[in-house]
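Summary of the model geometry
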Amino acid sequence: MRDYLNANEKNQFMVLQSVVQMMDGLRNSGVDGPRMSSILEEWSKRGNITKEEHKNLKTAETFLRKFLASVYNRLSPKEQEVIKKRLMKFDFKLVDDYTLKKMERDINDKLQNAVMPREQFYSWCSEIMAVKCNSCTKDWNTCELYEVFEDNYVPESGFDCKNCKFAYNLDEVEPNE
């Protein structure tokens, strides 16, 4: 047996551990959370659970706890620490298909499009322009940066160069005497 879990096993362990934490009321602060004791109580009150189902649910809880404890105890101390830290930040939610697809679109959008504060973007543009636009003679129609600057409202250089409104030439600026 290994004394560590691979990424997939770790995620599966986290999900199962989260289920146990929810059974204990540690997730969702126990508010309308699926605490095992309250589930059994509520279902019993409504007469919607047989003795066999009650026993099976309690048995499932017991064996799930035994499994998790056994796996955790055979892991190295370093791996146990990683699990503890990740578990504090780990959560899973049940979501409907619409919400899941929306979240996937949002994630894909963020992977496709970088988002940053405008001030930081302008600062980066200035650095790029210092390298690419100073003394540039390339026609704006063939410049990849032109469209990016134009689409993102980057201010023109103000040098009124014939080839591009973002081009400039610092050699033309007279030093302050």
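For the structure, see preceding data.
Below: a short report on this structure. (Residues numbered from 1 in each chain as written. Predicted model: local features only at pLDDT ≥ 70, side-chain atom pairs only at ≥ 80, totals over all residues. Heavy atoms only, no water.)

The secondary structure content of the chain amounts to seven helices and zero strands. On the principal axes, the C-alpha backbone points of the chain span a range of 90 × 40 × 30 Å. Pairs at least 24 residues apart make up 59% of the contacts formed inside the chain by residues separated by at least 6 positions. Surface summary for the chain: the accessible area is close to 13800 Å², and the carbon and sulfur share equals 54%. The chain carries 27 positive and 30 negative side-chain charges, and their two centres are separated by 14 Å. (Helix = DSSP H or I, 4+ residues; strand = E, 2+ residues; numbered from the N terminus. Contact = heavy atoms within 4.5 Å. Areas by Shrake-Rupley, 256 points an atom, 1.4 Å probe, with all protein chains shown as cover. Lys, Arg positive; Asp, Glu negative; His and termini not counted. Charge placed at Lys NZ, Arg CZ, Asp CG, Glu CD.)

Before going further, it helps to spend a moment on the nonpolar core. Counting 15 residues, the largest nonpolar core has Leu5, Phe13, Met14, Leu64, Leu68 and Ile83 as its most contacted members. Of all the secondary structure elements, the ones that give two or more residues to this core are helix 1 (7-23), helix 2 (36-45), helix 3 (51-74) and helix 4 (77-89). Examining the composition of this core, we find that four residues originate from one element, helix 1, more than from any other. Discounting residues that sit within four places of it in the chain, Met14 has contacts with Ile83, Arg86, Leu87 and Phe90. Met129, Cys133, Tyr146 and Ala167 belong to the second-largest nonpolar core, a separate cluster that totals 12 residues. (Core = buried A, V, L, I, M, F, W, Y, C linked by side-chain atoms within 4.5 Å. Buried < 20%, exposed > 50% of the residue type's maximum accessible area, 1.4 Å probe, protein only.)

These figures capture arrangement, not role.
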